[in-house]
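# Descriptive analysis of the structure
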Amino acid sequence: MSAHAAPVEGARARRLTERVFRIRELGIVVALLLLIAVTAVLEPRFIESDSLRNLALNASIFAILAAGQTLVIITRNVDLSVGSVLGLSAFLAGDLLSSHQGMPLILVFVLGIALGAGCGLLNGVLVTWGQVPALVVTLGTLYVFRGLAFLWTDGQQVNAETLPDSFLNLGTDSILGVPILVLIALAVVLGVGQWLRDFRAGRELYAIGSNPEGARLAGVRSQRRVLTAFVLAGALAGLGGVLFTARFGTVDATAGTGYELTVIAAAVVGGVAIFGGTGSVYGAALGALLLGTITSSLIVLRVEAFWQQAAIGALLLLAIAFDRFVGVRVDAALRRRSARRAG
Amino acid sequence: MSEPARPLVELRDAAKSYGAVRALRDGDLALRPGEVRALVGENGAGKSTLVKVLGGVVRRDGGEMLVHGEPVDFHSPHDARDAGIAVIYQEPTLFPDLSIAENVVMGYHPLGRFKRIDRRAMHAQVQGLLDRLGVRLDSERPVRGLSIADQQIVEIAKALSFEARVLIMDEPTAALSGPEVERLFSVVRNLREHGSAVLFISHRLEEVFAICDTATVMRDGAVVHNAEIAAMTPDDMVKRMVGRELSALFPKQDAAVGDPVLKVHRLTREGVFFDISFEVRAGEIVALAGLVGAGRSEVARAIFGIDKPDAGHVEIAGRRLPPARPLAAMRAGIGFVPEDRRQQGLVMDLSIARNATMTRTGSLSRMGLIRSVAENRLAREWATRLQLKYHRLDDPAGFLSGGNQQKVVLAKWLATEPKVLILDEPTRGIDVGTKAEVHRLMSELAGRGLAVLMISSELPEVLGMADRVLVMHEGRLTGELARGEADEERVIRAATGQTTAAAG
């Protein structure tokens, strides 16, 4: 019947939606390149391979945490406890390896991830069954987990010299010129990104964040999905903790303090809407890379520490303003399209 | 289909209670292939509860449900879906951020290798459904920005996607324009031809008679009538929807009716209500009747200055009110008891005393500080006058029962010595005893010369309390009935847009 006219309108709408996504992620890439270019002009040593390598290494752990955070934020929740979970798991890894020298590394990773998943499970259970807002639950567990870390470490710290070299090498070695840490982060981001994009469970997370009541009526098992998101975010924070120890060698109870805010900022800069329903893991990872690069470039340019924080804040506001602007434009365009079709 | 086929889904004696309230009883309903059945009844007759039972949103606590003759129990909307039952709710339940295709197949995406979603198959499938429905919509477009009519089409496509044999539509036409209703009807006819059963809920009787084959009438939570549409007339149907005796609970005493106090002149708010003019005199109780969504509360909000009207104005005792200024309306002597007591009428966590005196904080304060002695004195005075049942005046208002909460809201406004009192659903959710007390109070207030405008969806209340009944239908005044000529049928007819009751 009228099917012939549909593809024309369809192609246009499709192009529009695709363009928006590209703009969002390309925008960060462009900002990133500009930033590197400008810094490189002012301070050529910034693009030496060592320096770029450090940039990627610094962003890796944040990118892993941001991937987990994205899962949670997409369901219209938030996890503020990831920094504390990272701290717990980092100390666990350091403690295990320094007291049991021969322990297989894979076991350390499994235990670190399991610890994180356990923390995430607690968050998830309180949010879904306890019906307590995630902001409150994870603010509480942020302090609880950090407190546990202080109790456990008892003022001690794990030093690099007590850790096996094979473990520390994970934080510094490369395969084909790419640091192992970066490879792990890439694998995580790609894995989670594909899960979110191409699997039913991942798509249901978007549905839950986009319209929670609608998801329930559509037969989505929301509680289970939200619980899964929290467990995965916790597990990834646990993984981040083990990698933190491998990279820095020295760990005390304060490891990862304040990471949660950087991670949420990275996700938001990367286009993950704080009210759920939109965004991608790739954007969040790029956001983490951008935030890390800004900090490094400001340090290289010997800008005072105060300005570094201000710059990150400004970037965050800019990203939100941009999203709002694009959102309004897209809404208007879609409405016009509907009206034209009806008329 | 003339031979009686086996029902696709059937309810027998289904019942559901919420606490002490029996929302549904004697729920008998059968839906056969190729049947479009109307479900009609007044607001609160139990239609929504019945739909929720069928849709697996709430669990019945009595009776039987059969699908293809087999007894079933739905624990969630998921189960209803698996049984081939799709419900299209009044409120859109779509995901604005996702594409039309994903909205349709959410949770049931076609899968390719390794359980990955096969996007190409998904879009082909959904585009096929949309084409079958004869609509020009692109499956890859996000749902954000779609009109209500198009959103309903997406919901129908969703129902088709899992080959639902039973489609339940809860007031699908409420927000649609003429051509959109026509398009929906052709889709419904198409479904009927394919052997589906449709349960169609609407307040518009002309639509019911245009599209439905059979009808189920509900009243006071029970199914009271099941019949072929051909065997019924609209009059018949209205009688069965109403058909109850007027209780003597509503004792409006005669009061001397004085000069007009509230005058509403050609008030209009685009898309909500149009050209509303009426007046309320001192000592008079005027009821604003109509169906939920007819625009009654919106008119009240505009009179009180909460929403800004696009045209028209309001006069109090001959003085014109500035638009959209609630404070000015208060000063001019309007009191407004809103529909939603808990959200808009009271601050639940604040004390009874503070709630009751909230409108009077100016005169109760000295140098900007509210004196709690004066506050308590005033609150106690009103508590006594309204026979409020409370433990202590500094208990939170949330501790009180519904009826007593309403008395606190009334006290708040009566303390301002208003000339006009607007009451939106004054007795909703209040038990019978306290209801009578609220009615006695209203009657007494009118007797003392107050002009009262009451919005109510309960016909007995309207007919018992009002000196005059104004009826609204889809944003317009469709009837004005004096006390003597107002009866249930006339009010319902005007409220459902049956224009036989000409405005008098």
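Just above, that's the structure.
Residues numbered from 1 in each chain as written. Chains lettered and ligands numbered in written order. Predicted model: local features only at pLDDT ≥ 70, side-chain atom pairs only at ≥ 80, totals over all residues.

## Some points on the overall build of chain A
Let me state the cut-off plainly: Helix and strand assignments follow DSSP, with helices taken as H or I runs no shorter than four residues and strands as E runs no shorter than two, numbered in order from the N terminus. We take the radius of gyration over the C-alpha atoms and set the globule estimate at 2.2 Å times the residue count to the 0.38 power. Here exposure depends only on C-beta density: within 10 Å of a residue's C-beta, 20 or more other C-beta atoms make it buried, 12 or fewer make it exposed, and intermediate numbers make it partly exposed, the C-beta atoms being placed from the backbone. Residues are defined as contacting one another if the C-beta atoms placed from their backbone atoms lie within 7 Å.
Looking only at helices and strands, chain A features 13 helices and 2 strands. Taking 2.2 N^0.38 as the reference for a compact globule, 343 residues should give roughly 20 Å; the C-alpha atoms of chain A span a radius of gyration of 21 Å, in line with that estimate. The 343 residues of chain A split such that 45% are buried. For chain A, the share of sequence-separated contacts (at least 6 apart) that also reach a separation of at least 24 residues comes to 79%.

## Remarks on helix H15 (residues 402–414) of chain B
Residues and elements named next belong to chain B. Our working rule: The length a helix should cover is 1.5 Å for every residue beyond the first.
Compared with an ideal rise of 1.5 Å per residue, which puts 13 residues at 18 Å, H15 spans 18 Å between its outermost C-alpha atoms and is within 8% of the ideal. Counting buried positions along H15 gives 12 out of 13 residues, so the element sits mostly inside the fold. Those residues of H15 not exposed but buried are Gly403, Asn404, Gln405, Gln406, Lys407, Val408, Val409, Leu410, Ala411, Lys412, Trp413 and Leu414.

## Thoughts on the pairing of strand E4 (residues 62–67) of chain B
All names here are of chain B. As a reminder of what qualifies: Between any two strands, at least two bridges found by DSSP are needed for them to pair.
Here strand E1 (residues 9–18) pairs with E4 via 5 bridges, running antiparallel. In the sheet register, Ala15 faces E4, and the bridge partner there is Gly62. Two strands pair when backbone bridges link them, and E4 and strand E5 (residues 70–71) are joined in this way by 2 bridges, in the antiparallel orientation. Bridge assignment links Leu66 to a residue of E5, and that residue is Pro71. Here E4 folds back onto E5, and the loop between the two strands holds 2 residues, one of which, His68, carries a positive phi near 50°.

## Examining the pairing of strand E11 (residues 260–269) of chain B
Residues and elements named next belong to chain B. Here 6 bridges tie E11 to strand E12 (residues 273–281), and the two strands are oriented antiparallel to one another. Bridged to Pro260 within E12 is Arg281. Following E11, the chain reverses through 3 residues before pairing antiparallel with E12; Gly271 in that reversal takes a positive phi of roughly 80°. Bridging between E11 and strand E14 (residues 311–316) involves 5 bridges; their strand directions are antiparallel. Paired with Val264 across the strands is Val314, a residue of E14.

## Thoughts on the sheet that holds strand E20 (residues 451–455) of chain B
Residues and elements named next belong to chain B. Cut-off, in case you're wondering: Each axis is a line fitted through C-alpha atoms, and for a helix only the stretch in contact is used; angles between axes span 0 to 180 degrees, taken between their N-to-C directions.
The mixed open sheet is built from 6 strands, whose spatial order is E16-E19-E20-E13-E21-E22. The open sheet terminates on both sides in strands that have one partner only, identified here as strand E16 (334–337) and strand E22 (476–482). Between one strand and the next, the sheet's axes are offset by a mean angle of 20°, whatever the strand orientation. The pairing of strand E13 (residues 285–290) with strand E21 (residues 468–473) spans 5 bridges and is classified as parallel.

## What about the sheet that holds E11 of chain B?
All names here are of chain B. The strand order across the open sheet formed by 4 strands is E12-E11-E14-E15, and the pairing between neighbours is antiparallel. Both edges of this open sheet fall to E12 and strand E15 (319–320), since each of them pairs with a single strand only. Taken strand by strand, helix H9 (residues 296–304) contacts E11, E12 and E14, and its axis lies near 115° from that of E11.

## So, the environment of Ser372 of chain B
All names here are of chain B. Assignment of secondary structure puts Ser372 in helix H14 (residues 372–385). A tally of 16 C-beta atoms within 10 Å means that Ser372 is categorised as partly exposed. Along the chain, Ser372 and Ala353 lie 19 residues apart, while their C-alpha atoms are 8.8 Å from each other.

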